[in-house]
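Structural features, examined
Okay, here's what each chain looks like letter by letter:
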Amino acid sequence: MSDPVLTEEAQRFAAEVARLGAGLTSPVLAVSGGPDSMAMLTLAQESLGTGFTVASVDHRLRPEAAGESAMVAAHCATFGIRHATLAPTEPITGASIQAQARTVRYALLADHARAIGAGCVLTAHHADDQAETFLMRAARGSGLAGLAGVRARTEVAGIPVIRPLLDWRRAELRAIVRRAEVPFFDDPSNHDDRHDRTRFRRLLGANEWLGTPNLARAAAALAEADADVRAAVEWLWADRAKVAAGEVRLTVGDVPRELLRRMVRRAIGVVRDAVTEAARNDAGQDTDATIEGDWSAAVNIERLLDALIAGKRATQAGVIASPRAGVWRFRPAPPRRSV
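Keep in mind it's a predicted model, so treat the numbers as computed, not measured. Numbers given for residues are sequential positions, taken from 1 along each chain in its written order. Since the coordinates come from a predicted model, pLDDT governs what is reported: local features require at least 70, and pairs of side-chain atoms require 80 or more to be given and counted, while whole-chain, interface and lining totals use all residues. Hydrogen atoms and water are omitted, and side-chain values are computed over all heavy atoms in the structure.

Some words on the pattern of salt bridges
Short version of the rule: By definition here, a salt bridge exists when the distance from a side-chain nitrogen of Lys or Arg to a carboxyl oxygen of Asp or Glu is within 4 Å. Working definition: helices are DSSP H or I runs of at least four residues, strands are E runs of at least two. Numbering for both runs from the N terminus. Throughout, exposure labels follow a simple rule: accessible area from a 1.4 Å probe, protein chains only, divided by the maximum for the residue type, with under 20% read as buried, over 50% as exposed, and the rest as partly exposed.
This structure, assessed with the given rule, holds 23 salt bridges. Here Glu 9 ties to Arg 179 by a salt bridge, and the two come within 2.7 Å at their closest N and O atoms. In this pair, Glu 9 is assigned in helix α1 (residues 8–20) and Arg 179 in helix α7 (residues 170–179), connecting sequence segments 170 residues apart. On the accessibility criterion, Glu 9 (27% relative accessible area) is partly exposed. Put simply, Asp 128 and Arg 169 hold a salt bridge, and the shortest N to O gap is 3.0 Å. Linking Asp 128 in helix α5 (residues 127–139) with Arg 169 in the loop between β6 (159–162) and α7, this pair joins segments that are 41 residues apart in sequence. In this structure Asp 128 comes out as buried when scored by relative accessible area, which is 8%. If you follow the salt bridges from partner to partner, you end up with Arg 151, Asp 226, Arg 230, Arg 257, Glu 258, Arg 261, Arg 262, Glu 302 and Asp 306 in one network.

Quick word on the UniProt feature "binding site: ATP" (unreviewed entry) in the protein
Rules: UniProt positions are given in the numbering used here, feature names are shortened, and annotations may be inferred rather than shown by experiment. Contacts: residue pairs with any heavy atoms within 4.5 Å of one another. Whenever a nitrogen or oxygen atom comes within 3.5 Å of another N or O atom, the pair is scored as a polar contact, on the condition that within protein one atom can donate a hydrogen and the other can accept it, and that pairs from neighbouring residues in sequence are kept only if both atoms are in side chains.
Within this structure's numbering, the places UniProt gives as "binding site: ATP" (unreviewed entry) are Ser 32, Gly 33, Gly 34, Pro 35, Asp 36 and Ser 37. Within the element layout of this structure, Gly 33 appears in the loop between β1 (28–30) and α2 (35–47). On the accessibility criterion, Gly 33 (0% relative accessible area) is buried. Locating Ser 37 in the fold gives a position in helix α2. Given the relative accessible area of 5%, Ser 37 is considered buried. Non-local contacts of Ser 37, meaning those with residues more than four positions away in its chain, are made with Ala 30, Val 31, Ser 32 and Ala 124. Within polar-contact distance, the side chain of Ser 37 engages the backbone nitrogen of Gly 33 at 3.3 Å.

A few points about the sheet that holds strand β8 (residues 247–251)
To keep things clear, this is the line we draw: Note on pairing: DSSP must find at least two bridges between two strands before they are called paired. In this analysis, axes come from line fits to C-alpha atoms, helices being fitted only over the stretch in contact, and the angle between any two N-to-C directions falls in the range 0 to 180 degrees.
Taken in spatial order, the five strands make up an open sheet running β7-β8-β11-β10-β9, and their pairing is antiparallel. One side of each edge strand has no neighbouring strand; the edge strands of this open sheet are β7 (241–244) and β9 (314–316). Averaged over neighbouring strand pairs, the angle between their axes works out to 20 degrees when direction is ignored. Summarising the sheet, β9 and strand β10 (residues 319–324) pair through three bridges and their orientation is antiparallel. If you follow Ala 314 over to β10, its bridge partner there is Ala 321. Sheet strands in contact with helix α9 (residues 212–240) are β7 and β8, and its direction is about 60 degrees off that of β7.

As structure tokens, then:
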């Protein structure tokens, strides 16, 4: 019997999965039950056969989420597709709930993929998501890495994450599920103006002249440039960074500021990680009290850079940086004296 003829949409999807996931097998599809992820599931059913599984994440933030995951599970059962519902063991609380939920979601998906021997995770991010992300980050003054937006392929906890729908529009995906009469739900948080993304989504919808596809292409071009810069930083780090005893020494020379910025961020992270690891290995020590200051890859370090370039010592995120004769030394800052 000859293989079934795929629709043009299924061929397009299969080609992108093959391009981004070259050498990877048995993907896990992250399906929330919204129209975008249900469209991805529909395309996978047609083009990938039975070589995939599905996972839904219930963040335990909305009572409706359990029913949404159950809907996805029932749909998968109809077609004999393996499905799992994942949930955090601890409640997601505090500020920036959406960002925390995203971190938890990817951790759960990566752990699940590893547990079942899956080669990668597929998510249903599309061109409209990319354009919204680009505008949100531009409004916040993000640099190259932030403006690059959602990557077509990345890695979370050692598991490849690929996004084969980044060239698709939201309307295209909704049309797929409606045409196939596939069940889906609309997340009410997508219409909640308390979230930045909702406001930018409405801005794009009301101003088609902004050009969603062009914004998405701009983000993709910046992602390519960012990958090149990352490669240059890796080369420089291997050549100019010396890590020993929880300290980092960088030979800076005439390195351009953007590359310096990334190397300094990495140096701070290395020192902080070393302190945390040492505390973890020291039984009974409070890890949270070992190094001061908030830190993430997005923290502004311009004042620190300015000081180092001017030959002055400076401290950030519990790490003290000292310049001397073209070498910048990073080490844990001494604890503050109690009054």
